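Chain and residue survey
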Amino acid sequence: MRVLLVEDDGLIASGIVAGLHAFGISCEHVSDGAEAQAVHAGSGFDAAVLDLGLPDCDGIELLPILRATDPALPVLVLTARDAVEHRLSGLNGGADDYLVKPFDLRELAARLHAITRRAQGRGEPAIKAGPLRLEPASGLAWLDGAPVELSRREIDILTQLASANGRWLRAEALHERVYGLDDPVSSNALNVHIHNIRRKLGAEAIQTQRGLGYRLGWRPA
């Protein structure tokens, strides 16, 4: 998992980056809203951790800006504002979850996994896209109603592409989402899995565009 951390306190940010790394979560830190927008553009993050008290804007103002370019981006609001009104403001503003400082890094990691599972379709019984029906949790898949056997990696690739809702995913971003930053698997492994998916589902199942990356050939229903 690759997470964008928007936090202006350097000491807190360094602790979060190190702590999440221990849980296998890669974390890229920025300290203000402008930098967050620049880094987020086209970077394919799995989730964002957003502090509300930023030096150049309020985090609630930044949230819809990030969502404008990535509507499916799961966002966890992290703040010292513990009043009920502040929590409601964050959730009503579009955040998927809310965590008040101080917090336990184990809880932060668990909440990030939870909101990304929901965004990737694992919180739903099935993903439907064109003739494809996919159940990420069970690993079962059907094409035009007929069962088709897919490997766990192939399931993960299709789930990630479906979660992009028609947007292109760069090869590097898709590789990181499926294998993680710390997995030593070769970059050619992704090409092999995509080749196998096309062989099983048809060449139109995954589209490729030079400079843009990959996207699912059918829009999720």
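Here the residue numbering is sequential within each chain, running from 1 through the sequence in written order. Where totals are concerned, whole chains, interfaces and linings use all residues; where local detail is concerned, this predicted model gives features only for residues with pLDDT of at least 70, and gives and counts side-chain atom pairs only at 80 or more. For the side-chain quantities, the full set of heavy atoms in the structure was used; hydrogens and water were omitted.

1. A few points about the overall build of the chain
Our working definition: Secondary structure elements are defined from DSSP: runs of H or I of at least 4 residues count as helices, runs of E of at least 2 residues count as strands, and each element is numbered from the N terminus. Each residue's exposure class comes from its accessible area (1.4 Å probe, protein chains only) as a fraction of the maximum for that residue type: buried when under 20%, exposed when over 50%, partly exposed otherwise. Should any heavy atoms of two residues lie within 4.5 Å, those residues are considered in contact. Working definition of accessibility: Shrake-Rupley area with a 1.4 Å probe, residue cover restricted to the visible protein chains.
What the chain contains, in helices and strands, is 8 helices and 11 strands. Counting only residues that meet the buried cut, the chain has 48% of its 221 residues in that class. Pairs at least 24 residues apart make up 58% of the contacts formed inside the chain by residues separated by at least 6 positions. Accessible surface computed for the chain: about 10400 Å², of which carbon and sulfur atoms make up 52%.

2. Concerning helix α1 (residues 10–22)
What sets the pattern is the α-helix's 3.6 residues per turn: residues three or four places apart point alike. For the record, the criterion: In this scheme, a helix's expected span is set at 1.5 Å multiplied by one less than its residue total. Of all possible arcs, the one meant is that of the directions from the helix axis to the C-beta atoms. In protein, a polar contact requires one atom able to donate a hydrogen and another able to accept it; more generally it is a pair of N or O atoms within 3.5 Å, and residues adjacent in sequence count only if both atoms are side-chain atoms.
Between the first and last C-alpha of α1 there are 19 Å, a value that for 13 residues agrees with the 18 Å anticipated at 1.5 Å per step. Taken together, the buried positions of α1 are occupied by A13, I16, G19 and L20. Across the axial projection of α1, the buried residues extend over an arc of 135°, all falling on one side. Those residues of α1 that are exposed and aimed more than 90 degrees away from the buried face are L11, A18 and A22. N-cap assignment for α1: the residue whose side-chain oxygen lies 3.0 Å from the backbone N of L11 is D9. Backbone geometry just after α1 places G24 at a positive phi near 80°.

3. A few points about the nonpolar core
This is how the line gets drawn: Remark: nonpolar core denotes a set of buried residues (Ala, Val, Leu, Ile, Met, Phe, Trp, Tyr, Cys) joined through side-chain atoms within 4.5 Å.
Formed by 26 residues in total, the largest nonpolar core has its most connected members in I157, L158, L161, L174, L201 and I206. Sorting the residues of this core by element identifies β6 (127–129), β7 (132–135), β8 (140–143), α6 (152–163), α7 (171–179), α8 (188–201) and β11 (213–216) as the ones contributing at least two each. Setting aside chain neighbours within four positions, we find L161 in contact with L169, L174, I206, Y214, R215 and L216. Core analysis: the next-biggest nonpolar cluster, separate from the first, contains 20 residues, L50, V75, V77 and A95 among them.

4. Here's the deal with the pattern of salt bridges
Which entries qualify depends on this criterion: Salt-bridge detection follows one rule: a side-chain nitrogen of Lys or Arg within 4 Å of a carboxyl oxygen of Asp or Glu.
Scanning all chains against the criterion turns up 9 salt bridges. The salt bridge partner of E28 is R2, with a shortest N-O separation of 3.0 Å. Highlighted residues: E28 in strand β2 (residues 26–30) and R2 in strand β1 (residues 2–6), separated in sequence by 26 residues. When the shortest N-O distance is used, the salt bridge between R111 and D97 registers 2.7 Å. Note that R111 is positioned in helix α5 (residues 105–119) and D97 in strand β5 (residues 97–100), a separation of 14 residues in sequence. By relative accessible area, R111 is classed as partly exposed at 24%. Take D97: its relative accessible area is 16%, and that puts it in the buried class. Overlapping salt bridges bring together E7, D51 and K101 as one network.

5. Comments concerning the sheet that holds strand β4 (residues 75–79)
The criterion, for reference: Strands qualify as paired when DSSP identifies two bridges or more between them. Helix axes use the C-alpha atoms of the stretch in contact, all axes being lines fitted to C-alpha atoms, and the angles between their N-to-C directions lie in the range 0 to 180 degrees.
Strand order in the open sheet formed by 5 strands is β2-β1-β3-β4-β5, and the pairing between neighbours is parallel. In the strand order of this sheet, the two ends are held by β2 and β5, each with one partner. Each adjacent strand pair in this sheet contributes to an overall mean axis angle of 20°, direction not counted. With 4 bridges connecting them, strand β3 (residues 47–51) and β4 associate as parallel partners. Along β4, the bridge assignment pairs D51 with L78. Contacting β1, β2 and β4, α1 runs over the sheet at an angle of about 165° to β2.

6. Focus: the sheet that holds β8
The strand order across the open sheet built from 4 strands is β6-β7-β8-β9, with neighbouring strands paired in antiparallel fashion. Edge positions in the open sheet fall to β6 and β9 (146–147), since each of these has one partner strand only. The pairing of β8 with β9 spans 2 bridges and is classified as antiparallel. Counted as the bridge partner of L143 is A146 from β9. Packing of α6 onto the sheet brings it into contact with β6 and β7, and relative to β7 it is tilted by some 110°.

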